[in-house]
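Letter by letter, the chains look like this.
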Amino acid sequence: MTFAIAMTGFVALYIFMLAGFAGWVIIGNVPAILHTPLMSGSNFVHGIVVVGGLYALFNAITPQEQAIGFVAVLLGAGNAAGGYAVTDRMLAMFKTSDAKPARKHAQIHHLKKG
Amino acid sequence: MLTQISQLVIGAADLGAAFLFMFGLKRMSSPATAPSGIRVAGIGMIAAVLASFLYLLTVDAAARPHMLVNVGLAVLALLIGGVGAWFVGRKVAMTAMPQMVAIYNGMGGGAAGSIAAVELFGGRTQGTTQLVVTLLGGLIGAVSLSGSVIAWAKLDGVLKQPLRVRGQQYANAVVMAVTVAVAGMIVTSVLGVGGLVLTTPAWIWTFFALALLFGILMTLPIGGADMPVVISIYNAFTGLAVGLEGFVLQNPALMIAGMVVGAAGLLLTVIMARAMNRSIANVLFTNFGTPAKAKPGAIKGSERSTDAADAAIKMRYAGKVIIVPGYGLAAAHAQQKLYEFVKLLLAAKVSVKFAIHPVAGRMPGQMDVLLAEAGVPYDMIFQLDDINDDFATSDVALIIGANDVVNPAARTDKASPIFGMPILNADKAAQVFVVKRGQGKGYSGIVNALFYAPNCNMVYGDAQAVLVKMIEAVRGLGAAAA
């Protein structure tokens, strides 16, 4: 029994096509009011590239490969962690008229500094 | 056995991650469910990253002696990159969000490009298809990295002016052509066809240097007003690059995540370009902000100013007020004061709505986030299509820090550079107040016909100072009545 994944050209194209279509439909349903968190959120999603970076780094042999693999993981990790941090922060701010934002004062403080 | 366990766990974790990403993005279709959406996606990410350490069980024999160093490097990179970006992301001001997103996006592109570089230098790509896909992903990732850095510099104010040189587009085309030619050299070099000037690694370095250069050259001439489109495009680019490298590494989770983001970025790009009434090609390849050749129709009349207090009292006794905020409001750090004023109006039973233009702010939806940050409930915030008919029945339209997005010339003046752009019909309100620093043109340098309309009065001054006066005026009324 094997669990190895092997995708040839056409299987890959099918995956690309279906994923692209799913993305277009899912994102098309996101209201304009959430477009900034959507963008940072989808930014976070492509942070999965860090997994590819880890794979490359683990299989690195020469110092050059190790160095570039290190950069790949570093950038990928930054992409994922940063994307998550800002998206989570922004989404926590959206409230309806009935609810009061919990962290309002902290946010005002940040804004004044910026 | 170990190989099978590794493959099974990684496969299952990646499958779960891909599902959770899509499910999380799906939950973003409403502000109520969106916070749980990003958390769900976050769980998927952690699972995928932890599972990927099982790759260690199946590394090549050649890489096995380096395992300890490689793991150490990986943990170090995860810690530095992850903790550093997390810390910055938690602290950054909401007004700085566009450049932050640009940087995170560039990092993703850089990671994809780096993966391509490792695969190429290590000679791991098998067959022409894989080689070409690796190069394509590397090219797009590298362009996204350097382009995003330039976008960051522009948004952060490091680069103040768009850099334009005559014949720039031809130079860019040449750089692109040379990059593709070098990619061709790498393919022939790896496949072992002789007659090459450089060695394979030298060609690879050249390829990435050229790709990075292209990203810089492509982004430098694009003006600040077009940045929402540019950020969206690079988001799509990074997604595409990640998806392509996912194919190279035979990892479907990367392919799915990358492609979903690619589609998302493309969709947002189209929405933004449409909101500015321009094609994507027009944003990328022409120089916006250059004076229009045709002379726009002459504007009759003059700007009439009014006192902040008078405007405030007029709004206090109005039935229906629509507020059009623009980036100028955020630049003056006046969102909180604006909401304070709105709360006074609401207390006086005035109906208040916020009208948001798609390109208000410097990235899609930024104005909505800035208002949410100030505490404005999202059920008071309306988008262009949903509110545009309301202006005709409203008593007052209050415009703060916005200009081009309410310029009626976009509807009427065929010679205007913004003709055809969808605008908020604020001019149809019975009374229009415009809060503005002083007389002058907007971001795009176009004269606003609205300011000269008979139903429009200007309130000159810093947005924050004006709002303080408005709040005082309304509070004063309450005190007098009591």
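It should be emphasised that the depicted structure is a prediction, and the values quoted were computed from it without experimental measurement.

1. Overview of the pairing of strand S1 (residues 320–325) of chain B
Residue and element names in this part refer to chain B. Across the 6 residues of S1, 6 count as buried, placing the element largely inside the fold. Along S1, one buried face is formed by Lys320, Ile322 and Val324 and the opposite face, lined by Val321, Ile323 and Pro325, is buried too. Inspection of the sheet shows S1 paired to strand S2 (residues 351–356) by 4 bridges, in the parallel sense. The residue bridging Lys320 from the neighbouring strand is Ser351, located in S2. Where S1 lies against strand S4 (residues 396–400), 5 bridges are found, and the strand directions are parallel. In the sheet register, Ile322 faces S4, and the bridge partner there is Ala397.

2. Focus: the sheet that holds strand S3 (residues 381–383) of chain B
Residues and elements named next belong to chain B. One open sheet holds the 6 strands; their spatial order is S3-S2-S1-S4-S5-S6, and the pairing between them is parallel. Because the sheet does not close on itself, it has two edges, and the strands there are S3 and strand S6 (456–460). Averaged over all pairs of adjacent strands, the angle between their axes in this sheet comes to 25 degrees, without regard to strand direction. Examined bridge by bridge, S4 and strand S5 (residues 431–436) share 5 bridges and lie parallel to one another. Bridge pairing in S5 places Ile399 opposite Val434. In this fold helix H13 (residues 335–347) packs onto S1, S2 and S4, with an angle of close to 145 degrees to the strand it touches most, S2. Across the sheet, helix H14 (residues 366–373) is in contact with S1, S2 and S3; its angle to S2 comes to roughly 145 degrees.

3. Focus on the confidence of the model for chain A
On average, residues of chain A carry a pLDDT of 85, and 85% of them reach 70 or more. Low confidence marks residues 101–114 of chain A, where pLDDT is under 50. Its contacts with residues over four positions away, or in another chain, come to 25 contacts.

4. Quick notes on helix H1 (residues 9–28) of chain A
Helix length check: H1(A) (20 residues) gives 28 Å between terminal C-alpha atoms against 28 Å at 1.5 Å per residue, within 8%. Those residues of H1(A) that sit buried are A:Ala12, A:Ile15, A:Phe16, A:Ala19, A:Gly20, A:Gly23, A:Ile26 and A:Ile27. Considered in projection along H1(A), the buried side chains sweep an arc of 140 degrees and stay on one side of the axis. Residues A:Phe10, A:Leu13, A:Tyr14, A:Met17, A:Leu18 and A:Phe21 are exposed on H1(A) and point more than 90 degrees away from its buried face. Buried residues along H1(A) sit against helix H2 (35–45) of chain A together with helix H1 (2–26), helix H8 (227–248) and helix H9 (252–275) of chain B.

5. Brief notes about the packing of H1(B) against H9(B)
Residues and elements named next belong to chain B. The contact between H1 and H9 brings their axes to 9 Å, and the two run at 15 degrees. Relative to H9, the element H1 lies roughly parallel. Handedness of the crossing formed by H1 with H9: left-handed. Taking contact as the criterion, the partners of Asp14, Ala18, Phe21, Met22 and Leu25 in H1 are, on H9, Ala253, Ile256, Ala257 and Val260. A per-class count over the contact of H1 with H9 returns 8 nonpolar, no polar and 1 charged.

6. Focus on the interface of chain A and chain B
By a widely used convention, the size of an interface equals the accessible area lost when the partners come together. Residue-level contacts link 93 residues of chain A with 114 residues of chain B. Of the roughly 9600 Å² buried at the junction of chain A and chain B (both faces included), carbon and sulfur atoms supply 75%. On inspection of chain A and its partner chain B, the count reaches 3 salt bridges. Linking chain A with chain B are 26 residue pairs in polar contact (both at pLDDT 80 or more). Where the side of chain A that touches chain B is concerned, the elements lending two or more residues are H1, H2, helix H3 (49–58), helix H4 (63–91) and helix H5 (104–113) of chain A.

7. So, unusual backbone geometry
Residue and element names in this part refer to chain B. Residue Gln250 is not a glycine yet carries a positive backbone phi of 55 degrees. Mapped onto the elements of the fold, Gln250 is located in the loop between H8 and H9. Of note in the backbone geometry, Lys349 takes a positive phi value of approximately 65 degrees without being a glycine. Its location among the elements puts Lys349 in the loop between H13 and S2. Judged by relative accessible area, Lys349 falls into the exposed class, the value being 73%.

8. Section: helix H3 (residues 67–91) of chain B
Helix length check: H3(B), at 25 residues, gives a terminal C-alpha distance of 36 Å against a target of 36 Å (1.5 Å per residue), a fit within 8%. Of all the positions in H3(B), only B:Asn70, B:Ala74, B:Ala77, B:Gly81, B:Gly82, B:Ala85 and B:Gly89 are classed as buried. The elements touched by buried residues of H3(B) are H3 and H4 of chain A together with helix H4 (97–121) of chain B.

9. Details of the pattern of salt bridges
Inspection of every chain in the model, using the stated rule, returns 8 salt bridges over all chains. The salt bridge partner of A:Asp88 is B:Arg39, with a shortest N-O separation of 3.1 Å. A residue pair is termed interchain when its members come from two chains, as with A:Asp88 in helix H4 and B:Arg39 in helix H2 (residues 34–51). The exposure class assigned to A:Asp88 is buried, which follows from its relative accessible area of 10%. For B:Arg39, a relative accessible area of 42% gives the class partly exposed. One salt bridge connects B:Arg475 with B:Glu340, and the closest N-O pair in it is separated by 3.6 Å. Within this pair, whereas B:Arg475 is found in helix H17 (residues 463–481), its partner B:Glu340 is found in helix H13, the two being separated by 135 residues in sequence. Looking at B:Glu340, the relative accessible area reads 27%, which means it is partly exposed. Taken together, the salt bridges that share partners define one network made up of A:Asp88, B:Arg39 and B:Arg90.

Conventions used here
Residues numbered from 1 in each chain as written. Chains lettered and ligands numbered in written order. Predicted model: local features only at pLDDT ≥ 70, side-chain atom pairs only at ≥ 80, totals over all residues. Heavy atoms only, no water. Buried < 20%, exposed > 50% of the residue type's maximum accessible area, 1.4 Å probe, protein only. Helix = DSSP H or I, 4+ residues; strand = E, 2+ residues; numbered from the N terminus. Pairing = 2+ DSSP bridges. Axes fitted to C-alpha atoms, helices over the stretch in contact; angles between N-to-C directions. Contact = heavy atoms within 4.5 Å. pLDDT = per-residue confidence, 0-100. Expected span 1.5 Å × (residues − 1). Arc of directions from axis to C-beta. Parallel < 35°, antiparallel > 145°, perpendicular 65-115°, else oblique. Left-handed = near helix turned anticlockwise from the far one by under 90°. Nonpolar A, V, L, I, M, F, W, Y, C, P; charged D, E, K, R; others polar. Buried area = accessible area lost by both parts, 1.4 Å probe. Salt bridge = Lys/Arg side-chain N within 4 Å of Asp/Glu carboxyl O. Polar contact = N/O pair within 3.5 Å; in protein donor to acceptor, adjacent residues only side chain to side chain.

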